[in-house]
Amino acid sequence: MAGITFKNVVKTYDNGVTVIPDLNLEIRDKEFVVLVGPSGCGKSTTLRMIAGLEGISEGELYIGDQKMNAIAPKDRDIAMVFQNYALYPHMTVYKNMAFALTLKKEPKEEIDRKVREAAQILGLTEYLERKPKALSGGQRQRVALGRAMVRNPAVFLLDEPLSNLDAKLRTEMRSQISKLHKQLGTTFVYVTHDQTEAMTMGDRICVMKDGIIQQFDTPQILYHKPCNLFVAGFIGSPQMNFIDAVVEKTDAGYAIAFADTKVPCDREELAPYVGKEVVLGIRPEHLLGGEENCTGPNTLTAEVDLDEMMGSETFLYFNYAGAKMIAKVPPSIVAPTGSMVTLAVDPEKIHVFDKESGDVIIN
């Protein structure tokens, strides 16, 4: 078993700065967990504590049933893949991949079998005699993965491994790493600041801010049911629109009102907020165009500041009710820059947040 458990873990540096105030996190055996958040949120520090590259100030860290606080990195049965590949430039691909096994003095036949198996899975067989300088960025990253694979570790740790690659290679490598996880059946912990990587790769995603876990759940739940404004704004591309609004009581229940727009919402959770300001969250894809949608009080009309044709969809940028907004609409809706566009808020897909705490009220 290679689950990972943090129990009340604190990380404070020698200068007195606490980057992880109280971390409680349980990663299941064979799970692919992504740690995501802005720079400085503590995600890489968390990964490095698992690896043993950072000490723990307080609390307990377990891998499986074994407490790891005082265990040296080399004895933790983990393998780490870094952002900068960390390959030996004077060694061939074969020797880079075999290096850790050679240090352990494994039999040559066993080393050869493991290296060639990993090379076959990663599509590196024809490059085994090349040196890293003769490889592309994507190939180098695969070598780094292969070097970790041959050790057959209980846990894979990946620290922003794709950030040095171009967009096309990142997409290819995302699918390769996900496929590799399924083939190996090993626990993967992956750090990134890219929420697209997180959404497409993780079984569960841990969203962090200032060393504190904001929400830890599946990509679907994070997207559809964010627990607060931070998670709602971080997950989703383009990010969620946020508008200051007021809750009103109506004959049909309640409504969220902003400028000339009223979005009906018959949810009793809104009762304590009648007459108060809240924050309304609307994802760009839930602003609907077309005459068939724009018939009720939940519509808004604004001037398009910029239209971006993305192929299968168009992004419309505009200002409304003092907020900068983005709508993601089908290309059949033609609204060039400078034109007026009418859109409807999908009342079934809104999110409402407490303005003071940022916590979700409904979603």
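Attention in this report is confined to the structure presented alongside it.

Cut-offs and rules
Residues numbered from 1 in each chain as written. Predicted model: local features only at pLDDT ≥ 70, side-chain atom pairs only at ≥ 80, totals over all residues. Heavy atoms only, no water. Salt bridge = Lys/Arg side-chain N within 4 Å of Asp/Glu carboxyl O. Buried < 20%, exposed > 50% of the residue type's maximum accessible area, 1.4 Å probe, protein only. Helix = DSSP H or I, 4+ residues; strand = E, 2+ residues; numbered from the N terminus. Polar contact = N/O pair within 3.5 Å; in protein donor to acceptor, adjacent residues only side chain to side chain. Contact = heavy atoms within 4.5 Å.

### Description of the pattern of salt bridges
Inference 1: The tally for this structure, following the rule as stated, stands at 15 salt bridges.
Inference 2: One salt bridge connects Glu54 with Arg48, and the closest N-O pair in it is separated by 3.5 Å.
Inference 3: Arg48 gets classed as partly exposed once you look at its relative accessible area, which sits at 28%.
Inference 4: Note that Glu106 is salt-bridged to Lys104, the shortest N-O span being 3.9 Å.
Inference 5: Residue classification places Lys104 among the exposed positions, given a relative accessible area of 54%.
Inference 6: Connected through salt bridges with shared partners, the residues Lys11, Arg48 and Glu54 form a single ionic network.

### Comments concerning unusual backbone geometry
Inference 1: Cis geometry is found at the peptide bond from Ser237 to Pro238, where omega equals -5°.
Inference 2: Looking at the secondary structure, you find Pro238 in the loop between helix H8 (229–234) and strand E11 (241–250).
Inference 3: Positive phi, normally seen in glycine, also occurs at Lys30, with a value near 70°.
Inference 4: By secondary structure assignment, the location of Lys30 is in the loop between strand E2 (18–27) and strand E3 (32–36).
Inference 5: Residues other than glycine seldom take positive phi values, yet Ala321 does so here, at roughly 55°.
Inference 6: Looking at where Ala321 falls in the secondary structure, it is placed in the loop between strand E17 (314–320) and strand E18 (323–329).
Inference 7: In this structure Ala321 comes out as partly exposed when scored by relative accessible area, which is 38%.

### With respect to the side chain of Glu54
Inference 1: With respect to the helices, strands and loops of the structure, Glu54 is situated in the loop between helix H1 (43–51) and strand E4 (58–63).
Inference 2: The exposure class of Glu54 is buried, given its relative accessible area of 16%.
Inference 3: A distance of 3.3 Å separates polar atoms of two side chains, one belonging to Glu54 and the other to Tyr13.
Inference 4: With residues near it in sequence (within four places) discarded, Glu54 still touches Lys11, Tyr13, Thr45, Arg48 and Met49.

### Here we look at the environment of Ile205
Inference 1: Counting through the fold element by element, Ile205 comes out in strand E9 (residues 204–209).
Inference 2: According to the relative accessible area criterion, Ile205 is buried, its value standing at 0%.
Inference 3: For the pair Ile205 and Phe216, spaced 11 residues apart in the sequence, the C-alpha separation amounts to 5.6 Å.
Inference 4: The residues contacting Ile205, other than those within four sequence positions of it, are Val34, Val36, Ala198, Met199, Gln215, Phe216, Asp217, Pro219 and Leu222.

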